[in-house]
Amino acid sequence: MSQLIFHLFFLCIVVQVQASSPAAIQALVAPITKDTKNSLYTISLSNKQYLLDLSGELLWSPCSRTHPTVPCSSGECAAVSGPHRKCNGSGRKCTVSPTNPVTGKRDVGDLTVADIAANATDGMAPTAGVTVRGVVASCAPGSLLRSFPTATAGDAGLGRGGVSLPTQLYSKLSLKRQFAVCLPSTAGAPGVAFFGSGPYGMMPPTLFDVSSILDYTNLVKNPANPSAYIIQLMGIAVNGEAIRLPTGALDRGGGVTLDTAAPYTVLRRDVYRPFAAAFAKATARIPRMPSVSPFKLCFNGSALGVNRVGYVVAPLHLMTRGGGNWTIFGSNSLVKVTADTVCLAFVDGGSSARSAVAVGSFQMENNFLLFDEAKSRLGFTGTLYFIRTTCGNFNFSKK
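Residues numbered from 1 in each chain as written. Predicted model: local features only at pLDDT ≥ 70, side-chain atom pairs only at ≥ 80, totals over all residues. Heavy atoms only, no water.

Engineer: I tried to follow the pattern of salt bridges on my own but got confused; where do I start?
Structural biologist: Tallied over the entire structure, the rule returns 10 salt bridges. Two residues, K34 and E365, come together in a salt bridge whose shortest N-O distance is 2.7 Å. Here K34, found in strand β1 (residues 27-35), pairs with E365, found in the loop between α6 (361-364) and β30 (367-372); they are 331 residues apart in sequence, far enough to count as distant. E365 sits in the buried class, given a relative accessible area of 4%. We note a salt bridge from R106 to E57, for which the minimum N-O separation is 3.5 Å. You can see R106 sitting in the loop between β6 (95-96) and β7 (109-121) and its partner E57 sitting in the loop between β3 (48-53) and β4 (59-61), a full 49 residues away along the chain. Here the salt bridges share partners, and the residues they tie into one network are R252, R268 and D270. (Salt bridge = Lys/Arg side-chain N within 4 Å of Asp/Glu carboxyl O. Helix = DSSP H or I, 4+ residues; strand = E, 2+ residues; numbered from the N terminus. Buried < 20%, exposed > 50% of the residue type's maximum accessible area, 1.4 Å probe, protein only.)

Here it is in structure tokens:
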């Protein structure tokens, strides 16, 4: 009898240990949806849509009246960097200033905590639902959601920093410190975001680990824009010919930022003008059309051929420092704006633009981007059309 009791007791211990030690999660996966009305993107978390904000400092959304608050004396409050955290003494609640990345407007909200539901993945398909508890977030007034896609619940800040969503997922789930985004070009099929290690499988024609074809360049930091992902360029070329730019132009402003809140790449005027002139020269034989705001250089679409990688025009090369060329073909350089007009999808940001180049979401579509924070580097593929796939080809059916 005593042996039976011992075995039952031992079995209970084993069951409790197994229940409290789930299988390790290597990565999370979430769908990305394009809002074609304003060319913004949302990521699905907890069955809600949050704006995909590549430079965002933290997760924020409107809160209920009974939301939990975080005291000023807490480590969570201390992890919020920058001048936008406010505390008025030990024990008082911590407040922060969440930002609308589209309008630049800030407001004040309580720091709070929330549970986030997502799916674990083996890199090829979702495998199981996961709830990540106690994610530090910010409350925000509903008015801060203006200019976001309809029914957006809040902002998913994926930027660099102590309380950004990726940083917290790495810590809470012991994930490898890297995440990837692949923006879709249509609303018809979702793109994909991964948090954690690969493989990162896309199909068809066959299941393919996209990380096997990445080129890399270093990520750098700018104290004036600490949450942004920034790379450095040695130059920009059109059709293989380097553009003559003012000395140091690409370094002024801290480097080249990646910004999913900008629908199209914005170039500071001293960079835009020689860039647009070089592209105009390379496309001199293509009939012009009147400009369509915000674009200045437009073409007769019927005079342009189309191949696997989009309109047949001179390729553009962002020559990264310490890495390969990020090559941009017609699918990411020209945008159709009317039935007969396509335009160079780059915008003159004026002389006061914050950075020399802010790479916008149109130029990222159907490009796989890996933000490897452990090694402080960006991995990029160029257009996936070359390998006959798109960002809309991840298998979201659960195993």
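Structure's up, so let's keep going.
Engineer: For this particular structure, what's the right way to read the state of the cysteines?
Structural biologist: With the rule as written, the count across this model stands at 5 disulfides. Between C72 and C87 runs a disulfide, and the two sulfur atoms are separated by 2.3 Å. Here C72 and C87 share a disulfide; its torsion about the S-S bond, -105 degrees, makes the bridge left-handed. Within this pair, whereas C72 is found in the loop between β4 and α2 (75-79), its partner C87 is found in the loop between β5 (85-86) and β6, the two being separated by 15 residues in sequence. For C87, a relative accessible area of 34% corresponds to the partly exposed category. (Disulfide = S-S within 2.5 Å.)

Engineer: Could you clarify how one ought to interpret the sheet that holds strand β24 (residues 316-320) in this entry?
Structural biologist: Across a sheet, paired strands are connected by hydrogen bonds in the backbone, their directions being either parallel or antiparallel. The strand order across the open sheet built from 4 strands is β17-β16-β24-β25, with neighbouring strands paired in antiparallel fashion. Both edges of this open sheet fall to β17 (241-242) and β25 (325-328), since each of them pairs with a single strand only. (Pairing = 2+ DSSP bridges.)

Engineer: Honestly, the pairing of β1 in this entry has me stumped. Any pointers?
Structural biologist: The side chains of a regular strand alternate between both faces of the sheet. By the bridge criterion, 6 bridges tie β1 to strand β11 (residues 191-196) in an arrangement that is antiparallel. In the strand pairing of β11, L28 is matched with F195. Relative to β7, β1 runs antiparallel, the two being bridged by 2 bridges. By the bridge assignment for β7, L28 is matched with A120. One ladder, built from 4 bridges, connects β1 with strand β2 (residues 40-45); its direction is antiparallel.

Engineer: I'm lost on the pairing of β2 in this one. Help?
Structural biologist: The buried fraction of β2 amounts to 6 of the 6 residues, a majority that puts the element mostly inside the structure. As judged from the 4 bridges shared by β2 and β3, these two strands associate in the antiparallel manner. Counterpart to I43 in the pairing with β3 is Y50.

Engineer: Before we go on, may I ask you to explain the sheet that holds strand β29 (residues 357-359) in this structure?
Structural biologist: Spatial strand order, β15-β18-β29-β19-β28: 5 strands in an open sheet with mixed pairing. Of all strands in the sheet, those with a lone pairing partner are β15 (230-231) and β28 (346-348), marking the two edges. Direction of pairing for strand β18 (residues 256-258) relative to β29: parallel, over a ladder of 3 bridges. By the bridge assignment for β29, L258 is matched with V359. Running over the sheet, helix α4 (residues 269-282) touches β19 (265-267), β28 and β29 and is turned about 130 degrees from β28. (Contact = heavy atoms within 4.5 Å. Axes fitted to C-alpha atoms, helices over the stretch in contact; angles between N-to-C directions.)

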